[in-house]
Amino acid sequence: MSLPITGTTGINGIGAAPELQSETGIRGNQGADFGAALGKALGNAGAAERTADEAEKKFAAGDPQIGIHEVMIAAEKAQIAIKYAVTLKNKMIEAYKELMSTPV
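Rules behind the numbers
Residues numbered from 1 in each chain as written. Predicted model: local features only at pLDDT ≥ 70, side-chain atom pairs only at ≥ 80, totals over all residues. Heavy atoms only, no water. Helix = DSSP H or I, 4+ residues; strand = E, 2+ residues; numbered from the N terminus. Buried < 20%, exposed > 50% of the residue type's maximum accessible area, 1.4 Å probe, protein only. Contact = heavy atoms within 4.5 Å. Areas by Shrake-Rupley, 256 points an atom, 1.4 Å probe, with all protein chains shown as cover. Axes fitted to C-alpha atoms, helices over the stretch in contact; angles between N-to-C directions. Parallel < 35°, antiparallel > 145°, perpendicular 65-115°, else oblique. Left-handed = near helix turned anticlockwise from the far one by under 90°. Nonpolar A, V, L, I, M, F, W, Y, C, P; charged D, E, K, R; others polar. Core = buried A, V, L, I, M, F, W, Y, C linked by side-chain atoms within 4.5 Å. Expected span 1.5 Å × (residues − 1). Patch = residues over 30% accessible without salt bridge, like charges linked within 9 Å, V, L, I, M, F, W, Y side chains within 5 Å. Salt bridge = Lys/Arg side-chain N within 4 Å of Asp/Glu carboxyl O.

Caption draft 1: Representation of the overall build of the chain. Across its full length, the chain holds two helices and two strands. Listed N to C, the secondary structure of the chain is β-β-α-α in terms of helices and strands. Scored against the burial criterion, the 104 residues of the chain give a buried share of 21%. Residue pairs at least 24 apart in sequence account for 55% of intrachain contacts in the chain once pairs closer than 6 positions are excluded. Of the roughly 7600 Å² of accessible surface on the chain, 60% is carried by carbon and sulfur atoms.

Following this line, the structure appears as structure tokens:
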């Protein structure tokens with residue numbers, strides 16, 4: 001039995017980065033909605049972490065349908081989702097700092 005991991009998935013169920021949603025900005029230019037992307041990344045990371053914790057608890061309780069490999073895969077997916085959210089946050093802060101240091 002495999003555990004469902006919420007969020008977007010890529011090839012063979014390996015987690016992929018969520019797509020950035022675009023919305024119309026000033027003067028009709030397309031811009032990424034970074035707030036929504038960060039919120040989605042954090043939501044996916046939280047869901048993956050909860051799924052990994054649930055799998056760990058089931059395995060520790062002796063559930064015969066959960067193998068150690070499924071626990072490890074769920075934990076690795078959670079770790080990757082958290083790294084993605086942190087990277088996205090860091091890029092957003094970097095872009096903000098660059099924008100604020102731009103002379104008007």
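Caption draft 2: Just the packing of helix H1 (residues 34–60) against helix H2 (residues 68–100), in detail. Following both chains from N to C, one finds H1 and H2 inclined at 160°, their axes separated by 8 Å at the closest point. Classed by the angle they form, the pair H1 and H2 counts as roughly antiparallel. Relative to H2, the crossing made by H1 is left-handed. Of the residues that constitute the contact of H1 with H2, the class distribution is 21 nonpolar, two polar and four charged.

Caption draft 3: Inspection of the nonpolar core at higher detail. Counting residues in hydrophobic clusters, the biggest one holds six residues: Ala45, Ala48, Ala52, Ala74, Ala78 and Ala81. Mapped by element, the contributors of at least two residues to this core are H1 and H2. Excluding its chain neighbours within four sequence positions, the residues that come into contact with Ala52 are Ala74, Ala75 and Ala78.

Caption draft 4: Representation of the environment of Ala74 in the model. The topology assignment puts Ala74 in helix H2. You can call Ala74 buried: its relative accessible area is 3%. Taking the C-alpha atoms as reference, Ala74 lies 9.5 Å from Arg50; in sequence the two are 24 residues apart.

Caption draft 5: Main features of H1. Spanning 27 residues, H1 covers 39 Å between terminal C-alpha atoms, matching the ideal 39 Å at 1.5 Å per step. Within H1, the full set of buried residues consists of Ala37, Leu38, Ala41, Asn44, Ala45, Gly46, Ala47, Ala48, Thr51, Ala52 and Ala55. Along its buried surface, H1 packs onto H2. The positive-phi residue at the C-terminal boundary of H1 is Gly62, with phi of around 90°.

Caption draft 6: Spatial organisation of a nonpolar patch on the surface. A cluster of nonpolar side chains, namely Phe59, Ile68 and Met72, defines an oily patch on the protein surface of about 290 Å² accessible area. Along the chain, Phe59 turns up in helix H1.

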